[in-house]
Amino acid sequence: MNVPQHDVAALQESTHTLLAAVSRLDDASLAEPSGLPGWTRGHVLAHLARNADALVNVLEGRPMYASAEARDADIESGAPRPLAIQLEDLRATAERLGAAFARYEGERWEERVELRNGVTDRAGAIPFRRQVEVELHHVDLDAGRTLDDMPAAFTQALIGYLARRFSGNPDVPATELRTEDGQTWRTGREAGAGGPEVTVTGAPGALAGWLAGRTDGTGLGAGPGALPVLPPL
């Protein structure tokens, strides 16, 4: 049985790091653009808070969001709030999610839960899924944190997680991902007898950023042929 206590603890550390960084911002900076097209930093923070509550819904057997429109409206309405309110919302929603985790034990972590768009997963996968949100959106704030600043163990797990998301996708060539120290993952459509169609190499942060759609692959090497174009996650 996979009880994700390590993932819960890692998420708590990532959340504490995010909250500390957000506390150093100010009201004016929240209205400035983030690293995500069309979103300010306030949009990113509102999304993170609402995502935490949405995952509580998932764990308690309710729909993740009332609707896609309601999700978007909550982010838009929450984006212009001042820093103090944003920060308190982030803290409170993180505590509610932590309390929901505390109510899970034993075999309950193996239960299937439903996310958005019909996607299902083990309840035990939710802490890591939330850490993905926290770590990537911390970088998206464009407030000094980079992909290379993410925890090394998390970055390696993220590469594997995103590689699985593209595994079997007919629009992605059979690809081997390779870090500079020789760690490897496979993704894309099934490799033929000759092995992967392309090998992509680079630092873990560069690989993770490309797979997550945060970069265009700058800093990565590919061959034979060009770096694959990945579809949206």
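Scope of this entry: the structure provided in the associated data block. All figures in this text were calculated on a predicted structure; none of them were measured in a lab.

Scoring rules and cut-offs
- Residues numbered from 1 in each chain as written.
- Predicted model: local features only at pLDDT ≥ 70, side-chain atom pairs only at ≥ 80, totals over all residues.
- Heavy atoms only, no water.
- Helix = DSSP H or I, 4+ residues; strand = E, 2+ residues; numbered from the N terminus.
- Expected span 1.5 Å × (residues − 1).
- Buried < 20%, exposed > 50% of the residue type's maximum accessible area, 1.4 Å probe, protein only.
- Polar contact = N/O pair within 3.5 Å; in protein donor to acceptor, adjacent residues only side chain to side chain.
- Salt bridge = Lys/Arg side-chain N within 4 Å of Asp/Glu carboxyl O.
- Pairing = 2+ DSSP bridges.
- Axes fitted to C-alpha atoms, helices over the stretch in contact; angles between N-to-C directions.
- Contact = heavy atoms within 4.5 Å.
- Core = buried A, V, L, I, M, F, W, Y, C linked by side-chain atoms within 4.5 Å.
- Parallel < 35°, antiparallel > 145°, perpendicular 65-115°, else oblique.
- Left-handed = near helix turned anticlockwise from the far one by under 90°.
- Nonpolar A, V, L, I, M, F, W, Y, C, P; charged D, E, K, R; others polar.

## Some remarks on helix α3 (residues 41-59)
In step 1: In this model, α3 (19 residues) spans 28 Å end to end at C-alpha, consistent with the 27 Å of a helix rising 1.5 Å per residue.
In step 2: Counting buried positions over the 19 residues of α3 gives 18, a clear majority of the element.
In step 3: Where α3 begins, one side-chain oxygen reaches toward the backbone nitrogen of Gly42, 3.2 Å away; that side chain belongs to Thr40.

## Focus on the pattern of salt bridges
If the charged atoms of two oppositely charged side chains come close together, the side chains can form a pair.
In step 1: Under the definition given, this model contains 16 salt bridges.
In step 2: Two residues, Asp89 and Arg50, come together in a salt bridge whose shortest N-O distance is 2.7 Å. Residue Asp89 is located in helix α5 (residues 83-102), and its partner Arg50 is located in helix α3; the two are separated by 39 residues in the primary sequence.
In step 3: According to the relative accessible area criterion, Arg50 is buried, its value standing at 18%.
In step 4: The closest approach of N and O atoms between Arg214 and Asp140, which form a salt bridge, is 2.6 Å. With Arg214 in the loop between α8 (204-211) and β6 (221-223) and Asp140 in helix α6 (residues 126-140), this residue pair connects regions lying 74 residues apart in the sequence.
In step 5: One network of salt bridges, with partners in common, ties together Arg50, Asp53, Arg81, Asp89 and Arg96.

## A closer look at the sheet that holds β6
In step 1: Taken together, four strands build an open sheet; the order of strands is β4-β3-β5-β6 and the sheet is mixed. The open sheet has two edge strands, β4 (184-187) and β6, and neither has a second partner. Each strand axis lies, on average, 20° off the axis of its neighbour in the sheet, ignoring direction.
In step 2: Pairing analysis gives four bridges linking strand β3 (residues 175-179) to β4, with the strands arranged antiparallel. When the bridges of β4 are listed, Glu176 appears paired with Arg186.
In step 3: Most of the contacts of helix α7 (residues 152-166) go to β4, to which it runs at about 20°, and overall it touches β3 and β4.
In step 4: Set on the sheet, α8 makes contact with β3 and β5 (198-202); between it and β3 the angle comes to about 145°.

## Considering the environment of Leu45
In step 1: Along the chain, Leu45 falls in helix α3.
In step 2: Linking Leu45 and Tyr104, residues 59 residues apart in sequence, is a C-alpha distance of 27 Å.

## Looking at the nonpolar core
In step 1: Val22, Leu59, Met64, Leu90, Leu97, Phe101 and Ile126 are the most contacted members of the largest nonpolar core, which has 36 residues in total.
In step 2: Elements represented by at least two residues in this core include exactly α1 (5-23), α3, α5 and α6.
In step 3: Ranked by the residues each element gives to this core, the list is headed by α3, at ten residues.
In step 4: Excluding its chain neighbours within four sequence positions, the residues that come into contact with Leu90 are Leu19, Val22, Leu45, Leu48 and Ala49.
In step 5: Formed by 25 residues, the second largest nonpolar core is a distinct cluster that contains Val132, Val200, Leu211 and Leu230.

## Side note on α1
In step 1: Compared with the 27 Å implied by 1.5 Å per residue over 19 residues, the 27 Å span of α1 between its first and last C-alpha is a close match.
In step 2: By the burial criterion, the buried members of α1 are Val8, Ala10, Leu11, Ser14, Thr15, Leu18, Leu19, Ala21 and Val22.
In step 3: Of the surrounding elements, those touching the buried residues of α1 are α3, α5 and α6.

## Looking at the packing of α6 against α7
In step 1: Viewed as axis vectors pointing N to C, α6 and α7 meet at an angle of 110°, and their least axial separation amounts to 11 Å. Classified by the angle their axes make, α6 and α7 are roughly perpendicular. Helix-helix and strand crossings are classified by hand; for α6 and α7 the assignment is left-handed. Contacts between α6 and α7 involve Phe128, Arg129, Gln131, Val132, Glu135 and Leu136 from the first element and Phe154, Ala157, Leu158 and Tyr161 from the second.

## Notes on the packing of α1 against α6
In step 1: One way to put it is that α1 packs onto α6 with a least axis distance of 9 Å and a crossing angle of 25°. Relative to α6, α1 is oriented roughly parallel. Crossing of α1 against α6: the hand is left-handed. For the pair α1 and α6, contact is made by Asp7, Val8, Ala10, Leu11, Ser14, Thr15, Thr17, Leu18 and Ala21 and by Pro127, Phe128, Arg130, Gln131, Val134, Glu135 and His138, respectively.
In step 2: Among the residues making up the contact of α1 with α6, the classes are represented as eight nonpolar, five polar and three charged.

All quantities given are derived from atomic positions and should not be read as evidence of function.
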